[in-house]
Amino acid sequence: MNEELARMIGEVAREARQRAGLTQAEVASLVEITSMVYSRMERGKVMPSVPTLRRLCTVLHISADGLLGLSGEGAASEPMKDSRRKQEESSPGLRRLLTLVLRMDETQLQALTGMAGALLR
């Protein structure tokens, strides 16, 4: 295992997780690994598999290039270009809600949409 790469992935993942306002347990659940494995990954003790790396990028909203240190800027400073990403960054509550929404199935999304609409009336 390339220890330097594992440490870099862990550092970038930790920064992105903290920026997203998520706990290690929340990220681990969304990435479908145990909290213990995720914690070890952030500390650079475990190298993620390719499928885990892909899910990690999706959950933390970072590019694989950034996570692997190929972008030159690092994933934590590499913003997505659309306005939605800027809105997500503005509120920890909104980021947490988005994380939960991404885990919902179609029926749950419809129920949430109905409740949100009722709250805005």
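The structure under discussion appears in the preceding block.
Residues numbered from 1 in each chain as written. Predicted model: local features only at pLDDT ≥ 70, side-chain atom pairs only at ≥ 80, totals over all residues. Heavy atoms only, no water.

*Asks:* Explanation requested: the overall build of the protein chain in the structure shown.
*Replies:* For the protein chain, the helix and strand inventory stands at eight helices and zero strands. Counting from the amino terminus, the protein chain carries its helices and strands in the arrangement α-α-α-α-α-α-α-α. Within the protein chain, buried positions represent 31% of all 121 residues. Put simply, of all contacts in the protein chain between residues at least 6 apart along the chain, 60% involve residues at least 24 apart. Approximately 7,700 Å² of the protein chain is accessible, and the part contributed by carbon and sulfur atoms is 56%. (Helix = DSSP H or I, 4+ residues; strand = E, 2+ residues; numbered from the N terminus. Buried < 20%, exposed > 50% of the residue type's maximum accessible area, 1.4 Å probe, protein only. Contact = heavy atoms within 4.5 Å. Areas by Shrake-Rupley, 256 points an atom, 1.4 Å probe, with all protein chains shown as cover.)

*Asks:* Sorry if this is basic, but what is going on with unusual backbone geometry here?
*Replies:* Most peptide bonds take the trans configuration, and most residues that are not glycine carry a negative phi. Despite not being glycine, Glu 32 has its phi angle at roughly 70 degrees, a positive value. Note that Glu 32 resides in the loop between helix 2 (24-31) and helix 3 (35-42). Of note, the phi angle at His 61 is positive, near 55 degrees, even though the residue is not glycine. Assignment of secondary structure puts His 61 in the loop between helix 4 (50-60) and helix 5 (64-67).

*Asks:* Would you mind showing me how to read the nonpolar core here?
*Replies:* Generally speaking, soluble globular proteins have nonpolar side chains that are buried together. Val 27, Tyr 38, Leu 56, Leu 60 and Leu 67 are the most contacted members of the largest nonpolar core, which has 20 residues in total. Among the secondary structure elements, those contributing two or more residues to this core are helix 1 (3-20), helix 2, helix 3 and helix 4. With residues near it in sequence (within four places) discarded, Val 27 still touches Arg 17, Leu 22, Tyr 38, Leu 56, Val 59 and Leu 60. (Core = buried A, V, L, I, M, F, W, Y, C linked by side-chain atoms within 4.5 Å.)

*Asks:* For this particular structure, what's the right way to read helix 3?
*Replies:* Note on helix geometry: an α-helix contains 3.6 residues per turn, so any two residues three or four positions apart are oriented the same way. For helix 3, every residue scored as buried is listed here: Tyr 38, Ser 39, Met 41 and Glu 42. Along the long axis of helix 3, the arc covered by the buried residues comes to 160 degrees, so they all point the same way. Of the surrounding secondary structure, the elements contacted by the buried residues of helix 3 are helix 1, helix 2 and helix 4. The first or second residue beyond helix 3 is Gly 44, which carries a positive phi of 80 degrees. (Arc of directions from axis to C-beta.)

*Asks:* Explain a positive patch on the surface here, please?
*Replies:* A surface patch of positive charge is lined by Arg 7, Arg 40, Arg 43 and Lys 45. Mapped onto the fold, Arg 43 is located in the loop between helix 3 and helix 4. (Patch = residues over 30% accessible without salt bridge, like charges linked within 9 Å, V, L, I, M, F, W, Y side chains within 5 Å. Salt bridge = Lys/Arg side-chain N within 4 Å of Asp/Glu carboxyl O. Lys, Arg positive; Asp, Glu negative; His and termini not counted. Charge placed at Lys NZ, Arg CZ, Asp CG, Glu CD.)

*Asks:* Is there a simple way to think about helix 2 in this case?
*Replies:* Among the residues of helix 2, Val 27, Ala 28, Leu 30 and Val 31 are the ones counted as buried. Buried residues of helix 2 fall within an arc of 165 degrees about the axis and therefore sit on the same side. Tucked inside the fold, the buried residues of helix 2 contact helix 1, helix 3, helix 4 and helix 7 (92-101). Count one or two residues on from helix 2 and you reach Glu 32, which has phi positive near 70 degrees.

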